Amino acid sequence: STARGTNGDGLNPDSSRDVLIVGCTFANQDDSIALKAGRVSPAQPRRQRSCENITIRDCTFDGTLTPGAHPLGFAVGSETCGGIRHVWLRDCVFRNTASLANIKSNRERLGAVVEDIRVENCTYTNTSFEDKPYNRAPLTIDLFYYRDFGTPDIAAPLTPRTPVFRDIHFKNIVIENPKGRFAYLAGLIEQPVHGVTFENVTGSAKIGLHGQNLDGVTLSNVSIAAQEGPPFQWINVRNRVTQPSPLAK
């Protein structure tokens, strides 16, 4: 028999450096791999140690392998206070997982800097899992982690401890997601996400790409077939560049 667990993460490198994860298979019940760097609280006010120089390659994330499996895929955060940087996820397969890459935090993760995250050469298919406030799309950059959809987007004061997300890159990815969004990208009004690129990213979804509070977005050979609504929705996005496919005439 298979018992359903709670927060059944697969592997969580926490405040770790120089990590290689290769050739693993995940069919667990929460984040399959989650990179973490601590949180700040009144009981633990000290800045946490960073998580950096992480490579994940040639892994399979598969919710069809066993009854009760509910893998959420690869995640960065939401505990990000010490900073997470120099991460490379490549050459992986995702089947019936709730997401491919979920890069997540919120205003309560004080002092967080998440930067230089690269996701490359991956395929994603999902026929089981719908969008949730903790897992909004196969490709997610979410500074409103766990906030309900539709909550008013109101600016907060910008301080030296406001979370910073920058230099996040998606390349050579194919997504088939008839259950929800293609991608969800949401920075803060007072601190947009800086420097996001999509290169050779294609596929279909029930809903297209949502981009909000971003500064510097480059789309190169990106094709999204959305079943409902437009393939792209942009809100408060600056310095957006769309480049045609190199095969286009």
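Provided above is the structure to which this section pertains.
Just so we're clear, the structure is a prediction, and the values are computed from it rather than from any experiment.

Here is what the cut-offs are and how they apply
- Residues numbered from 1 in each chain as written.
- Predicted model: local features only at pLDDT ≥ 70, side-chain atom pairs only at ≥ 80, totals over all residues.
- Heavy atoms only, no water.
- Helix = DSSP H or I, 4+ residues; strand = E, 2+ residues; numbered from the N terminus.
- Buried < 20%, exposed > 50% of the residue type's maximum accessible area, 1.4 Å probe, protein only.
- Salt bridge = Lys/Arg side-chain N within 4 Å of Asp/Glu carboxyl O.
- 1 Å grid on protein atoms, 1.4 Å probe; cavity = no way out; pocket = protein on both sides within 12 Å on 5 of 7 lines; lining within 4 Å.
- Points joined across faces, edges and corners; volume = space filled by probe spheres on them.
- Nonpolar A, V, L, I, M, F, W, Y, C, P; charged D, E, K, R; others polar.

Participant: Lay out unusual backbone geometry in plain terms, naming residues and giving numbers.
Facilitator: A cis amide bond links Gly77 to the next residue, Ser78, at an omega of 10 degrees. Residue placement: Ser78 occurs in the loop between strand E6 (73-76) and strand E7 (84-95). Although it is not a glycine, Asp116 sits at a positive phi angle of roughly 55 degrees. Topologically, Asp116 is positioned in strand E9 (residues 113-125). For Asp116, a relative accessible area of 22% puts it in the partly exposed group. With a phi angle near 55 degrees, Asn200 is a residue other than glycine that sits in the positive phi range. Among the structural elements, Asn200 can be located in strand E12 (residues 193-243).

Participant: Residue-level account of the environment of Ser204, with values.
Facilitator: In this structure, Ser204 sits in strand E12. For Ser204, a relative accessible area of 22% puts it in the partly exposed group.

Participant: Account for the pattern of salt bridges, naming residues and giving values.
Facilitator: For the coordinates displayed, the defined rule picks out 16 salt bridges. Ionic pairing is found between Arg90 and Asp91, a salt bridge with its closest N-O pair at 2.5 Å. The partly exposed category is assigned to Asp91, whose relative accessible area is 28%. In this structure, the salt-bridge partner of Arg238 is Asp215, at a minimum N-O distance of 3.4 Å. Since its relative accessible area comes to 38%, Arg238 is described here as partly exposed. Owing to a relative accessible area of 16%, Asp215 belongs among the buried residues under this scheme.

Participant: Break down empty space enclosed by the protein for me, citing the residues and quoting the values.
Facilitator: Using the criterion set out here, one finds 1 cavity of 30 Å³ or more in the structure. Approximately 30 Å³ is the volume attributed to the largest cavity. Taken together, Ala98, Tyr124, Asn126, Phe129, Glu130, Asp131, Asn135, Ala137, Pro138 and Asn177 make up the full set of residues lining the largest cavity. Its residues placed into classes, the lining of the largest cavity shows 5 nonpolar, 3 polar and 2 charged.

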